[in-house]
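Given next are the chains, with one letter for each unit.
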Amino acid sequence: MVKISELQQKDVVNVANGKRLGNIGDIDINLTTGQIEAIIIIGTGKVLGLFGRADEMIIPWRDIVKVGADVILVRLDGKYE
C-alpha cells in the first residue's frame, strides 16, 4: 500500500520526452470504486510563486507507466510539451 503523502514526494516524468512535469498536488478518486482516476500536477507560480498559478495537468491513471521508488513515469505523447 502507498500513502498519498508518499506519492506527492515523487517526481513525475514523461517517458515520451524525458521532461520532468512536477509533483502530484492532488488525486482524483472515484468514490464508488475507491480507485484513483487521475493524478493532478499543480502548476508552479508564474513569477516566483506570485500572480497566480500556471495551468494544472490532469493525468489519467491509464497514462501512468510505472510508479517507482523515487519517480512516477507517465506517457503523454504530444501533451504538456
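Up top is the structure.
In short, a report on the structure.

Cut-offs applied
Here, residues in each chain are numbered from 1, in the same order as that chain's written sequence. Only residues with pLDDT of at least 70 are given local features in this predicted model, and only at 80 or more are side-chain atom pairs given and counted; all residues enter the totals for whole chains, interfaces and linings. The side-chain values count all of the structure's non-hydrogen atoms but skip hydrogen atoms and water molecules. By definition, any uninterrupted DSSP run of H or I lasting at least four residues is a helix, any uninterrupted run of E lasting at least two residues is a strand, and each is numbered from the N terminus. By definition in these notes, contact holds between two residues if any of their heavy atoms fall within 4.5 Å. Burial here depends on accessible area, computed with a 1.4 Å probe over protein chains only, as a share of the maximum for the residue type. Under 20% is buried, over 50% is exposed, and the range in between is partly exposed. Salt bridges are counted wherever a side-chain nitrogen of Lys or Arg sits within 4 Å of a carboxyl oxygen of Asp or Glu. Only strands that DSSP links by at least two bridges are regarded as paired with each other. Lines fitted to C-alpha atoms define the axes, with helix axes restricted to the stretch in contact, and inter-axis angles between N-to-C directions lie between 0 and 180 degrees. Patches here: salt-bridge-free residues with over 30% relative accessible area, like charges joined within 9 Å, nonpolar side chains (Val, Leu, Ile, Met, Phe, Trp, Tyr) joined within 5 Å. For accessible areas, the Shrake-Rupley method is used with a probe of radius 1.4 Å. Any residue's cover is judged against the shown protein chains and nothing else. Joining through side-chain atoms within 4.5 Å is the link that ties buried Ala, Val, Leu, Ile, Met, Phe, Trp, Tyr and Cys residues into a set, and such a set is a nonpolar core.

## Brief notes about the overall build of the protein chain
So, point 1. Along its length, the protein chain carries one helix and eight strands.
So, point 2. Reading the protein chain from its N end, one meets helices and strands in the order α-β-β-β-β-β-β-β-β.
So, point 3. Sequence separation of 24 or more characterises 33% of the internal contacts of the protein chain that already satisfy a separation of 6 or more.

## Structural notes on the environment of Val-15
So, point 1. Along the chain, the position of Val-15 falls in the loop between β1 (11–14) and β2 (20–29).
So, point 2. Owing to a relative accessible area of 32%, Val-15 belongs among the partly exposed residues under this scheme.
So, point 3. Excluding residues that lie within four positions of it along the chain, Val-15 makes contacts with Val-65, Leu-73, Val-74 and Arg-75.

## Structural notes on the pattern of salt bridges
So, point 1. Taken as a whole and judged by the stated rule, the model has one salt bridge.
So, point 2. With a shortest N-O distance of 3.0 Å, Asp-11 and Arg-20 are connected by a salt bridge.
So, point 3. When its relative accessible area of 28% is taken as the criterion, Asp-11 is described as partly exposed.
So, point 4. Of the residues examined, Arg-20 reaches a relative accessible area of 45% and is grouped as partly exposed.

## Quick word on the sheet that holds strand β8 (residues 71–74)
So, point 1. Pairing in this open sheet of six strands is mixed, and the strands run β6-β3-β2-β1-β8-β7 from one edge to the other. Here the strands that pair on one side only, and so sit at the sheet edges, are β6 (57–60) and β7 (64–67). Geometrically, the sheet is characterised by an average inter-axis angle of 35 degrees between neighbouring strands, direction not taken into account.
So, point 2. One ladder, built from three bridges, connects β7 with β8; its direction is antiparallel. Among the inter-strand pairings, Lys-66 is bridged to a residue of β8, identified as Leu-73.

## Examining a nonpolar patch on the surface
So, point 1. On the surface, Ile-4, Ile-29 and Leu-31 cluster together into a nonpolar patch covering about 320 Å² of accessible area.
So, point 2. Its place among the elements puts Ile-29 in strand β2.
So, point 3. A relative accessible area of 36% places Ile-29 in the partly exposed class.

## Thoughts on the nonpolar core
So, point 1. Counting residues in hydrophobic clusters, the biggest one holds 13 residues, and the most contacted among them are Val-12, Leu-21, Ile-24, Ile-59, Ile-72 and Val-74.
So, point 2. Contributions of two or more residues to this core are made by β2, β3 (36–41), β6 and β8.
So, point 3. It is β2 that provides the largest number of residues to this core, a total of three residues.
So, point 4. If near-sequence neighbours (up to four positions away) are discounted, Val-74 is found in contact with Val-12, Val-13, Asn-14, Val-15, Ala-16, Leu-21, Ile-59, Asp-63, Ile-64 and Val-65.

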